[in-house]
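One letter stands for each residue in the lines below.
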Amino acid sequence: MKLKLKWALLTMIFTIVTVLTGCEPLLVLDPKGPQAEAQANDIMLSIFLMSGIVIVVLAILVFVLIKYRASKQSADYEPPHIEGSPIVEAICIGIPIIIVIFLSIVSVRSNYIVESTPQGYEDQEPLIIYASSSNWKWHFSYPEQGIETVNYLYIPANRAIEFKLYSHGPITSFWIPQLGGQKYAMSDMVTTLHLAADVEGEFMGRNANFSGSGFAENVFDVTSMSNADFEDWVEEVHETAPALTEEKFEELLEPGHLGRSTYTGTHLEFSPAPSHDHGDNAEESEHEHHESTDKDEKSEHENHGQTNETEESDHSQH
């Protein structure tokens with residue numbers, strides 16, 4: 001019986017090791033940009049911390065089971081009556097509180113990092129790309145370059161990218177695991193996601209939020225290239241790609257799966273993004289709104305003063 005149990009255990013261990021050696025590294029733990037690297041570091045920190053806690057708890061459990069097992073005590077042994085232990089209670093309550101505080105600080109710090117311009121790219125102008133989803137496709141609009149792609153994305157390496165996310169249908173989630181975390185795209189507002197690729201290469205992107213029967217194939221390809229190659233690609237698109245018309249865009253929005261396609265012009269010209277921008281420009285928009293309101297009030301006050309002066313002039317003439 002013991003021999004069979006031993007062989008069964010060895011077989012299970014050999015199978016697990018064989019399977020794991022064929023696995024590719026998890027994409028979230030293979031970062032290719034500063035945002036993804038910060039998140040990968042947080043994930044590994046959490047894993048090590050939780051592993052340490054589990055190991056310590058299991059070690060204490062084994063120690064207690066061995067030290068206080070029934071076979072070591074006499075038949076008439078009665079354990080002492082203990083009301084409580086301040087030391088044990090302090091450990092059981094204090095350590096979890098310390099862990100929660102530590103993880104909270106790490107999470108808040110990381111959140112500020114990933115929600116701002118990638119570190120090391122603060123001194124350059126970001127490339128703005130509008131990424132919008134429809135059932136079940138991704139539309140990428142380059143307003144500065146005047147081009148639009150479907151289901152694939154070309155970006156220059158070593159440059160900050162500012163994605164403006166929204167949806168033409170249900171809520172979706174824009175996610176490029178090797179460049180950063182996911183962020184939701186909604187139909188009534190624009191959300192901003194900051195990413196950057198430190199290296200050239202090809203990455204996988206997808207919708208990380210269930211959005212219907214075509215969700216599984218709601219993916220897109222990402223290619224990071226040198227800035228010179230990116231400019232060459234833009235020129236090639238303007239020379240060879242057809243113009244994106246409103247009729248063609250309405251056709252693209254029809255539910256279904258499509259391959260990759262490229263167009264000159266963007267749908268932003270005739271179908272602009274939602275006006276509510278929940279991102280870096282929110283404060284600027286609010287500031288501009290206040291300035292506009294102040295100007296209107298000032299203009300109204302001046303017009304009111306001129307009206308009073310006209311009335312006084314008419315009254316004096318009478």
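Since we're looking at a predicted model, the values are computed, not measured. (Residues numbered from 1 in each chain as written. Predicted model: local features only at pLDDT ≥ 70, side-chain atom pairs only at ≥ 80, totals over all residues. Heavy atoms only, no water.)

Asker: Describe the environment of N151, naming the residues involved and giving the relevant values.
Answerer: Summarising the element assignment, N151 is placed in the loop between β3 (147-150) and β4 (152-156). Sequence-wise, N151 and R206 are 55 residues apart; in three dimensions their C-alpha atoms are separated by 9.5 Å. Those residues in contact with N151 that lie beyond four places of it in its chain are K137, W138, F140, V219, F220, D221, L258, G259 and R260. A polar contact is formed between the side chain of N151 and the backbone oxygen of L258, at a distance of 2.8 Å. Here G259 takes part through its backbone oxygen, which lies 3.3 Å from a polar atom of the side chain of N151. (Helix = DSSP H or I, 4+ residues; strand = E, 2+ residues; numbered from the N terminus. Contact = heavy atoms within 4.5 Å. Polar contact = N/O pair within 3.5 Å; in protein donor to acceptor, adjacent residues only side chain to side chain.)

Asker: Quick one: what's the story with the nonpolar core, residue by residue and with numbers?
Answerer: For soluble globular proteins, nonpolar side chains are generally found buried alongside one another. In terms of nonpolar packing, the biggest core is built from 30 residues, with F163 and F174 touching the most fellow members. Elements supplying a minimum of two residues to this core: β1 (127-134), β2 (137-142), β4, β5 (160-167), β8 (190-196), β10 (219-225) and α4 (227-240). By size, the runner-up hydrophobic cluster in this structure holds five residues, among which are V150, L244, L252 and Y263. (Core = buried A, V, L, I, M, F, W, Y, C linked by side-chain atoms within 4.5 Å. Buried < 20%, exposed > 50% of the residue type's maximum accessible area, 1.4 Å probe, protein only.)

Asker: Please provide a residue-by-residue account of the sheet that holds β8, values included.
Answerer: Sheet strands associate in pairs through backbone hydrogen bonding, adopting either a parallel or an antiparallel arrangement. Ordered in space as β11-β3-β2-β1-β5-β8-β12, the seven strands form an open sheet in which the pairing is mixed. Every other strand in the sheet has two partners, leaving β11 (261-264) and β12 (277-278) as the edge strands with one partner each. Judged from the seven bridges that link them, β1 and β5 form a sheet pairing that is parallel. Its bridge partner lying in β5, L127 is registered against I161. (Pairing = 2+ DSSP bridges.)

Asker: Break down the pairing of β3 for me, citing the residues and quoting the values.
Answerer: Alternating residues of β3 divide into I147 and T149 and E148 and V150, and every residue in both groups is buried. Pairing of β2 with β3 involves four bridges; the strand directions are antiparallel. From the neighbouring strand, Y142 faces β3, where its bridge partner is I147. Here β2 folds back onto β3, and the loop between the two strands holds four residues, one of which, G146, carries a positive phi near 70 degrees.

Asker: Account for the packing of aromatic side chains, naming residues and giving values.
Answerer: By the definition in use, this model includes 15 aromatic pairs. When the centroid spacing of 6.3 Å and the interplanar angle of 75 degrees are considered together, the rings of Y152 and W233 count as edge-to-face. Of the two residues, Y152 is situated in strand β4 and W233 in helix α4; the sequence distance between them amounts to 81 residues. The same class applies to Y152 and to W233, which are both buried. Clustering of aromatic rings is evident, with ring pairs tying together W138, F140, F163, F174 and F220. (Phe/Tyr/Trp six-rings, centres within 6.5 Å; stacked < 30°, edge-to-face > 60°.)

Asker: A description of unusual backbone geometry should follow, citing residues and the corresponding values.
Answerer: In this chain, N135 is followed by W136 through a cis amide linkage whose omega measures -10 degrees. With respect to the helices and strands, W136 occurs in the loop between β1 and β2. Phi is positive for N151, which is not a glycine, with a value near 65 degrees. For N151, a relative accessible area of 7% puts it in the buried group. One non-glycine residue, N158, lies in the positive phi region at around 60 degrees. Within the secondary structure, N158 sits in the loop between β4 and β5.

Asker: Describe the sheet that holds β10, naming the residues involved and giving the relevant values.
Answerer: Pairing is mixed in the open sheet, where five strands are placed in the order β4-β10-β9-β6-β7. One side of each edge strand has no neighbouring strand; the edge strands of this open sheet are β4 and β7 (183-185). Taken pair by pair, the neighbouring strands of this sheet meet at an average axis angle of 25 degrees, ignoring direction. As paired strands, β4 and β10 are joined by five bridges and run parallel to one another. Along β10, the bridge assignment pairs Y154 with T223. (Axes fitted to C-alpha atoms, helices over the stretch in contact; angles between N-to-C directions.)

Asker: Which residues make up helix α2 (residues 34-67), and what values go with them?
Answerer: Since the α-helix advances by 3.6 residues per turn, residues separated by three or four positions end up pointing in the same direction. Between its terminal C-alpha atoms α2 stretches 49 Å, which fits the 50 Å expected from 34 residues at 1.5 Å a residue. If you check which residues of α2 are buried, you get P34, Q35, A36, A38 and A40. Where α2 is buried, its residues meet α3 (86-114) and β8. (Expected span 1.5 Å × (residues − 1).)

Asker: Report on a nonpolar patch on the surface, specifying residues and quantitative values.
Answerer: Residues L26, L29, I43, I47, F48 and M50 make up a contiguous nonpolar surface patch of roughly 560 Å² in combined accessible area. Structurally, the position occupied by L29 is in the loop between α1 (2-21) and α2. (Patch = residues over 30% accessible without salt bridge, like charges linked within 9 Å, V, L, I, M, F, W, Y side chains within 5 Å. Areas by Shrake-Rupley, 256 points an atom, 1.4 Å probe, with all protein chains shown as cover. Salt bridge = Lys/Arg side-chain N within 4 Å of Asp/Glu carboxyl O.)

Asker: Which residues make up the packing of α2 against α3, and what values do they have?
Answerer: Between α2 and α3, the least distance of the axes is 10 Å, while the angle of their chain directions is 170 degrees. Taken as axis vectors, α2 and α3 run roughly antiparallel relative to one another. Along its contact with α2, which presents Q35, A38, Q39, D42, L45, S46, L49 and I53, the element α3 presents I99, F102, L103, V106, S110, I113 and V114. Here the contact of α2 with α3 is built from residues that sort into 10 nonpolar, four polar and one charged. (Parallel < 35°, antiparallel > 145°, perpendicular 65-115°, else oblique. Nonpolar A, V, L, I, M, F, W, Y, C, P; charged D, E, K, R; others polar.)

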